[in-house]
Amino acid sequence: MSAPSKNSIEIVGKYMSYLSWNQLVVGYSHKKCLINPFSGEVTQPGIYAIMGQNGCGKSTLLKTWLGLLRPVSGSVYLNDAPIPTEHNISQGIAYVPQFHAVNRYFHISVQDFIKQGRGPQYKFAENDYHEITNLLSEWQLSGYENRSFHEMSGGQKTRVMIVRAIISKPKILFLDEPLASLDICCQQQLMDTLEELTQAHKVCVFIVDHHLENFKNYLTTRFYFTRKHDQEISSVILK
Ligand SMILES: Nc1ncnc2c1ncn2[C@@H]1O[C@H](COP(=O)(O)OP(=O)(O)OP(=O)(O)O)[C@@H](O)[C@H]1O
């Protein structure tokens, strides 16, 4: 995976590293490490799945890669810069958390929530509003622009967060269990959208989800958590 290929994006004489990690251990304290140290690098756009049983540490790994959690040990580079820095966040990183992780008392209209995807300084023009309207229609959210985000159902919240991520035009997109709250049509739509983002826009997608077995053909690589019954720490292997 680390060897550059003809699909890699070449920048100033070298291949772009979307994400790399060295001897990474994730967890919530030195006493409770969730994985054995592992290293890797992703240099090509694609859909990278993080899979494994409940509680093994998939979301923790995603949040650590993304810079929301500090590694227990080891290092992570996102867009060729060490995490966590504000610099990373402003450089085309988007995150779709689990819908129930978003503060339920978050009073903001659906449209204003989506607009946040472009950052606080962005000046919206007419064509940007058209883009939002089209995306809302594509994701069966027409007419919800002025509804409060916290009043939306779980699946609607997930779709709003997907639209917000899409309009941010990310280079790297992290998604935590987006399929769990979506019906089968929206699951298919999401996987098709992710595939288009990787192919047409060279986006690198990292996704945690238990429903990915149904979409194996879309996946570039699977990071799989595996552990023996008598062990608490997993090893992450490529499948
Ligand atoms: N904020 C936290 N503080 C301490 N421990 C945590 C915290 N969040 C999660 N954990 C623990 O870390 C372990 C891994 O949790 P994580 O959410 O990463 O698992 P997961 O593989 O994503 O699980 P699932 O498939 O059930 O969503 C679990 O034992 C969980 O109880």
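Structure: see above.
To keep things clear, this report deals only with the structure shown in the data block. What you see is a predicted model, and the numbers here were worked out from it, not measured in a lab.

The rules behind these values
- Residues numbered from 1 in each chain as written.
- Predicted model: local features only at pLDDT ≥ 70, side-chain atom pairs only at ≥ 80, totals over all residues.
- Helix = DSSP H or I, 4+ residues; strand = E, 2+ residues; numbered from the N terminus.
- Buried ≥ 20, exposed ≤ 12 C-beta atoms within 10 Å, placed from the backbone.
- Contact = placed C-beta atoms within 7 Å.
- Near = placed C-beta within 6 Å.
- Nonpolar A, V, L, I, M, F, W, Y, C, P; charged D, E, K, R; others polar.
- Pairing = 2+ DSSP bridges.
- Axes fitted to C-alpha atoms, helices over the stretch in contact; angles between N-to-C directions.
- Left-handed = near helix turned anticlockwise from the far one by under 90°.

Observations concerning the overall build of the protein
- Assigned secondary structure in the protein consists of six helices and 14 strands.
- Here the protein, with 239 residues, has 36% of them falling under the buried criterion.
- Sequence-distant contacts in the protein: of pairs separated by 6 or more residues, those separated by 24 or more amount to 70%.

Quick look at the environment of Gly46
- Position of Gly46 relative to the elements: it lies in strand β7 (residues 46-51).
- For the pair Gly46 and Leu194, spaced 148 residues apart in sequence, the C-alpha separation works out to 8.6 Å.
- Not counting the four nearest positions on each side in its chain, Gly46 is found in contact with Thr198, Cys204, Thr220 and Thr221.

A few points about the site of the ligand
- Lining the immediate environment of the ligand, one finds Tyr28, Leu34, Gly52, Asn54, Gly55, Cys56, Gly57, Lys58, Ser59 and Thr60.
- The element that contributes the greatest number of residues to the shell around the ligand is helix α1 (residues 58-66), accounting for three residues.
- Partitioned by chemical class, the residues of the shell around the ligand number three nonpolar, six polar and one charged.

Some details on unusual backbone geometry
- You will see that Lys169, though not glycine, has its phi angle at about 50°, which is positive.
- In this fold, Lys169 is placed in the loop between α5 (154-167) and β11 (172-176).
- Despite not being glycine, Glu177 shows a phi value in the positive range, around 50°.
- When you line up the elements, Glu177 lands in the loop between β11 and α6 (184-201).

Brief notes about the pairing of β7
- Counting buried residues along β7, six of its six residues qualify, which places the element largely inside the surrounding structure.
- Every second residue of β7 is oriented toward a common face, with Gly46, Tyr48 and Ile50 on one face and Ile47, Ala49 and Met51 on the other, all of them buried.
- Pairing geometry for β7 and strand β12 (residues 204-208), over five bridges, is parallel. Across the sheet, residue Ile50 finds its bridge partner in β12, namely Val208.
- Of the pairings in the sheet, the one linking β7 to strand β13 (residues 221-226) comprises four bridges and is parallel in character. Bridge pairing in β13 places Ile50 opposite Phe223.

Observations concerning α1
- Taken together, the buried positions of α1 are occupied by Lys58, Leu61, Leu62, Thr64, Trp65 and Leu66.
- Trailing α1 by a residue or two, Gly67 shows a phi angle of about 100°, which is positive.

Things to note about the packing of helix α4 (residues 126-138) against α5
- Relative to each other, α4 and α5 sit at 145°, their axes nearing to 10 Å. Considering the relative orientation of α4 and α5, their crossing is right-handed. Along its contact with α4, which presents Glu131, Ile132, Leu135 and Leu136, the element α5 presents Val163, Ile166 and Ile167.
- Looking at side-chain class alone, the contact of α4 with α5 contains six nonpolar, no polar and one charged residues.

Focus on the sheet that holds strand β3 (residues 19-25)
- A sheet is described by the order of its strands in space; here four strands give the open sequence β6-β3-β8-β9, paired in antiparallel fashion. Where the open sheet ends on each side, the last strands, each with one partner, are β6 (38-42) and β9 (81-82).
- As paired strands, β3 and strand β8 (residues 73-78) are joined by five bridges and run antiparallel to one another. Across the sheet, Leu19 pairs through a bridge with Leu78, a residue of β8.

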